[in-house]
Amino acid sequence: MESADDFFRKEKDRSTSAIRRSETDLRRVLDSSPFPIIVSTRTDRKVLYLNKLASEMFHVTLGDLQGKPTPDFFVDPADREHVMDVLEKVGEVDDYEAHLRDGAGREFPALVSVTPVEYENKPASFLTFNDITGRKEKETELLRLATVDPLTGVLNRRAFSEQAERELARARRYSNPLSALMLDIDWFKQINDTMGHAAGDHVLRELSRIMERTLRETDIVGRVGGEEFAAILTETPLQGAVETAERIREAIAAEEFTYEGGPIRITASIGVAEFMPGDKTVEDTLKRADSYLYHAKQSGRNRVMND
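Residues numbered from 1 in each chain as written. Predicted model: local features only at pLDDT ≥ 70, side-chain atom pairs only at ≥ 80, totals over all residues. Heavy atoms only, no water.

Overview of the overall build of the protein
The helix and strand tally for the protein stands at eleven helices and ten strands. In terms of overall dimensions, the protein has C-alpha extents of about 85 × 50 × 35 Å along its principal axes. For the protein, buried positions account for 45% of its 307 residues. A sequence separation of at least 24 residues applies to 58% of the contacts in the protein between residues at least 6 apart. (Helix = DSSP H or I, 4+ residues; strand = E, 2+ residues; numbered from the N terminus. Buried < 20%, exposed > 50% of the residue type's maximum accessible area, 1.4 Å probe, protein only. Contact = heavy atoms within 4.5 Å.)

Examining the environment of F257
Counting through the fold element by element, F257 comes out in the loop between α10 (238-254) and β9 (268-274). Measuring from C-alpha to C-alpha, the distance between F257 and L204 comes to 9.9 Å, with 53 residues separating the pair along the chain. Here F257 is in contact with H202, V203, E206, L207, I210, I252, G262, P263, I264 and I266, once residues within four sequence places are set aside.

Structural notes on helix α11 (residues 282-298)
With 17 residues, α11 should reach 24 Å at 1.5 Å per residue; the first-to-last C-alpha distance of 24 Å fits that figure. Those residues of α11 not exposed but buried are V282, T285, L286, A289, L293, A296 and K297. All buried residues of α11 lie within an arc of 125° about the axis, which places them on one face of the element. Of the exposed residues in α11, the ones pointing more than 90 degrees away from its buried face are K287 and Q298. Lining the buried residues of α11 we find α7 (157-174), β6 (178-185), β8 (228-234), β9 and β10 (304-306). Looking one or two residues beyond α11, the residue adopting positive phi is G300, at roughly 125°. (Expected span 1.5 Å × (residues − 1). Arc of directions from axis to C-beta.)

Quick notes on the packing of helix α8 (residues 188-195) against helix α9 (residues 197-214)
Two numbers describe how α8 lies on α9: the axes approach to 6 Å, and their chain directions differ by 140°. What the angle tells us is that α8 and α9 run oblique. Facing α8, whose interface residues are F188, I191, N192 and M195, α9 presents H197, A199, G200, V203 and L204. Looking at the contact of α8 with α9, its residues break down into six nonpolar, three polar and no charged. (Axes fitted to C-alpha atoms, helices over the stretch in contact; angles between N-to-C directions. Parallel < 35°, antiparallel > 145°, perpendicular 65-115°, else oblique. Nonpolar A, V, L, I, M, F, W, Y, C, P; charged D, E, K, R; others polar.)

A closer look at the sheet that holds β10
Strand order across the open sheet formed by five strands is β7-β8-β6-β9-β10, with mixed pairing between neighbours. Because the sheet does not close on itself, it has two edges, and the strands there are β7 (220-223) and β10. Averaged over all pairs of adjacent strands, the angle between their axes in this sheet comes to 20°, without regard to strand direction. Sheet topology note: the β7/β8 ladder contains four bridges and is antiparallel. If you follow R223 over to β8, its bridge partner there is F229. Its contacts with the sheet put α11 on β6, β8, β9 and β10, and the angle it makes with β9 is roughly 140°. (Pairing = 2+ DSSP bridges.)

Section: α7
For α7, built from 18 residues, the straight-helix expectation of 26 Å at 1.5 Å per residue is met to within 8% by its first-to-last C-alpha distance of 26 Å. Residues of α7 that are buried include every one of A159, F160, A164, E167, L168 and A171, and no others. Looking at the buried positions of α7, the neighbouring elements they touch are α6 (133-147), β6, β7, β8 and α11. The positive-phi residue at the C-terminal boundary of α7 is S175, with phi of around 55°.

So, the side chain of S113
Structurally, S113 is set in strand β4 (residues 107-119). A polar contact is formed between the side chain of S113 and the backbone nitrogen of D95, at a distance of 2.8 Å. (Polar contact = N/O pair within 3.5 Å; in protein donor to acceptor, adjacent residues only side chain to side chain.)

Side note on the sheet that holds strand β3 (residues 93-101)
Reading across from one edge, β2-β1-β5-β4-β3 is the order of the five strands in this open sheet, with antiparallel pairing throughout. What marks the edges here is a single partner per strand, and that holds for β2 (47-50) and β3. Adjacent strand axes in the sheet meet at a mean angle of 30° when their direction is disregarded. Where β4 and strand β5 (residues 122-131) come together, ten bridges link them in antiparallel fashion. In the sheet register, V114 faces β5, and the bridge partner there is L127.

Structural notes on the side chain of E228
Topologically, E228 is positioned in strand β8. In this structure, E228 is buried with no salt-bridge partner, the nearest side chain bearing the opposite charge being R157 at 5.3 Å. Apart from the residues lying within four places of it in its own chain, the contact partners of E228 are M182, L183, D184, G222, R223, D290 and L293. (Lys, Arg positive; Asp, Glu negative; His and termini not counted. Salt bridge = Lys/Arg side-chain N within 4 Å of Asp/Glu carboxyl O.)

Honestly, that's just the spatial picture; any functional story needs more than this.
Structure below.
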């Protein structure tokens, strides 16, 4: 099945060829084109024509623009400069991805192409646009599905590990402290056994909200096991991480996880470790935090243990 981008490219090539063959067909080609087109003079970039789709895309009319310099639809001036530079050096621009802004202020991603043509016996530029908002939204959704735990909405194990390694590399580069938390819900199996897995899922979702609410935006949180969560606290030494872990533990113990009208009370055990010079990867730090989590479980649960 032909993709939208392939269709766009073929139609653009067909239209450009038709313009080059016969100027008498220009208006017919422009008006029947399935994508937005603007034609401007090559020297002073004054608008000569725009088709209906370009008018709709940018919320402007031919009367608004005809004989005037082509409006600067680029959000980032660097994109405009790049297009002009490529046009000057190469002679044309093919599917350059840029962020555009229409006359109403809406911003959107698009592919921009510029081809030299003759219009009314004058050198002109044939600008075509392909709004790729839908494609970008699909890419964003696919990325979300690949990185986010579908039940809780926090990072999945793989994405958490990747982001944690990046934060570790940054901490090493700037000699900043970094700490890790490992959290496990106490007696979680009893919730599933007595109230059902749907109740357990509800607890997992609500607990992840507590962690996100307590942690900073710069921290990283992920679900790394059934009822086990991990967090990386950026620029945080051990003492600060322990204080954060205590706030999380207390918030969980104080929360009433109501499900189908019934209260659910839970607690959590947390292990804390700070990145040490001997740790080769973030997994080494997490393993130490996990060992302290095990000791917290063995020591009675509902507590924080650390280096």
